[in-house]
Amino acid sequence: MEKRSAGRLLRPEKSMKILFVMDEFFAPNNGLSISAQRFTAELRARGHDVRVLAGDVCGVPEFPLPEFRVPIFDGLIKRQGMSFARADDEKIEAAVRWADVVHLEDCFVVAGHAARIAGRLGKPCTGAFHLYPENITSSIGLQWAVPVNDAILVGFRDYVFRYCSDIHCPTQDVADRLLRRGYTARLHVISNGVSDQFPFRREEKPALYRDRFVVLAVGRFSREKRQDVLIRAAAESKYRDRIQLVFAGQGPLEGRYRRMARRLPNAPEFRFMSQAELADAMARADLYVHAAETEVEGMSCMEAMSSGLVPVIADSPRSSSRHFAPDGRCLFPSGDADALRQRLEYWLEHEPERRAMERLCSERAQENSVKNSAAKLERMFLEACREGGGHEA
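Position numbers for residues count from 1 along each chain, tracking the sequence in the order it is written. With pLDDT at 70 or above as the cut-off, local features in this predicted model cover only qualifying residues; side-chain atom pairs require 80 or more to be listed or tallied, and sums for whole chains, interfaces and linings still use all residues. Each side-chain value is derived from all of the structure's non-hydrogen atoms; neither hydrogens nor water enter the calculation.

A.B. asks: So, the sheet that holds strand β9 (residues 125-128): which residues are in play, and what are the values?
C.D. replies: What links the strands of a sheet is backbone hydrogen bonding, and the strands pair in either a parallel or an antiparallel sense. Spatial strand order, β5-β4-β3-β8-β9-β10-β11: seven strands in an open sheet with parallel pairing. The sheet terminates laterally at β5 (63-65) and β11 (186-189), the two strands that pair on one side only. The average angle at which neighbouring strand axes cross in this sheet is 20 degrees, direction not considered. In this analysis, two residues are considered to be in contact whenever any of their non-hydrogen atoms come within 4.5 Å of each other. In this description, a line fitted to the C-alpha atoms serves as the axis of each element, helices being fitted only across the stretch in contact, and the angle between N-to-C directions of two axes falls anywhere from 0 to 180 degrees. For the purposes of this entry, the term helix denotes a DSSP run of H or I that reaches at least four residues, the term strand denotes a run of E that reaches at least two, and both are numbered from the N terminus. Relative to the sheet, helix α7 (residues 172-180) contacts β10 (166-169) and β11, its axis offset from that of β11 by approximately 160 degrees. Relative to the sheet, helix α14 (residues 370-387) contacts β3 (17-21), β8 (101-104), β9, β10 and β11, its axis offset from that of β10 by approximately 170 degrees. Here, any two strands with at least 2 DSSP bridges between them count as paired.

Structure below.
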C-alpha cells in the first residue's frame, strides 16, 4: 500500500518486480535509452527489483534478446543510433511471468509481443510514449504527410497501447495528442527529468574559444533536428567571425552539415559526447540552441538549462520543448534561419541580461528532476498493480 507522511510519498511496504521492455537499453547516444537507464537506477534505489528485457547490443540485460537487422534499412537505422531486438515469445513470456508489472518503453515489435503476452497472462501492463511518428517519417521526408503520421499513431495505439492500463506521457502535448487519436488508457504527464549530472555550473572556456561566442546544439544529426537552420543563421550573422558552433551528436546528416559549415569562419566542432563531456561542454558554452521541429520533450534542452545555459528554441507545434522557453526572446519560428540569427545577435549583444537569466533557467529545469519523476512513475506502477492485469481497450 502507498503511505504518505507530511504530504511526502513514502516507498511502498512491498517492493515491486518491474520489467522494462524495449529494443535497446544500453545505447549511450539515444535519449530514450538514457532515460530508461536513469529511471531503472532510481526505481532500484527506491527498493524495487527492476529488470530489463531488451536487445543484447552494447550490453546484456537481465532478459536478453538477439538483435534484429532490418534488410535495406539497417545502415540508416545504425546511423540514427538505433537498433531493434528480435521478438522471441518464449524468452518474452519468461520475463513477463517474472514481473509484477510490465512497462513498455517503446512501441515496436518486441513491445507489441510483450503487451499481448502480458494481457494473456493477466499481468498489469503500462507504457511510455517517447516517439512521435514524425521522428520516424522525417528520415524519409514524410514528416508533413498528416495521413501517414496519423496512421502510424493509430497503429501504435492498436498494436501496443491498447493493452496498457496507464501511459507515461513526458509532456501535456503528448497526452493531448493521444487523446485526440482515441487512446483510452490513463495518461500520466511525467517529465523524463533532469539528471543530477547537470547542476548549475559556469566555467571558463578553453583557450581556443576564449574570445568567441560559443553556441551549443545537442541531438542526432537527422532531418527533424534541423541543425542546418543554426548553421545558416551563424553564417548570415554580422558576428559570424565571433560565433563558434559546437554540435554534440552523431547521425546520417553529419557529412552534409560539415559541408554546409565550410562557409563559416570558425570551423564548428562535430562530435559525439559522453554525458560527462556534455556536462563540461554545457558549463563552458554561452548559449544553447534547440532547433528541432519534432520533439516529444527534449532532455538535452532541459539539461542545458539546468546547467545554466539560456536556450533559444524552435517554436514548432510538434515540439514540446517550446514550453521550456522563459520568454519570447528564447523562441524563434521553426525553420526560420533569419529569426534565429536575430536571437543569436540579441543574446551576444546583451550579456548582462543573459547572465541574469542563467540562474532562472537552471531553477526552472531542476524542478523536473529524475528523482521526482521516478517517484511519480512508481505511483503509476502501483496504480496499475492495484487494478490488476489483462487490460485491453
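A.B. asks: Any chance you could break down the packing of aromatic side chains for me, citing the residues and the numbers?
C.D. replies: Here a Phe, Tyr or Trp ring, Trp counted by its six-membered ring, pairs with any other such ring whose centre lies within 6.5 Å, and the pair is stacked when the planes are under 30 degrees apart, edge-to-face when over 60, and tilted otherwise. Scanning all chains against the criterion turns up 14 aromatic pairs. Seen from their ring centres, F129 and F156 are 6.3 Å apart, and the 65 degrees between their planes marks the pair as edge-to-face. Taken together, the positions of F129 in the loop between β9 and α5 (133-137) and F156 in helix α6 (residues 146-159) put the pair 27 residues apart, joining distant regions of the chain. For the pair shown, F129 and F156 are each scored as buried. With 5.1 Å between their ring centres and 85 degrees between their planes, Y346 and W347 make a pair best called edge-to-face. The class for W347 is buried, based on a relative accessible area of 0%. Just above the ring of Y132 sits the side chain of R177; from NZ or CZ to the centre is 4.8 Å. Either the NZ atom of lysine or the CZ atom of arginine qualifies as a charge over a ring when it sits within 6 Å of the ring centre and within 35 degrees of the ring normal. Directly above the ring of F200 sits R359, whose terminal nitrogen or CZ lies 3.7 Å from the centroid. Under the scheme applied here, a residue whose accessible area is under 20% of the maximum for its type counts as buried, over 50% as exposed, and between as partly exposed, the area being computed with a 1.4 Å probe on protein chains only.

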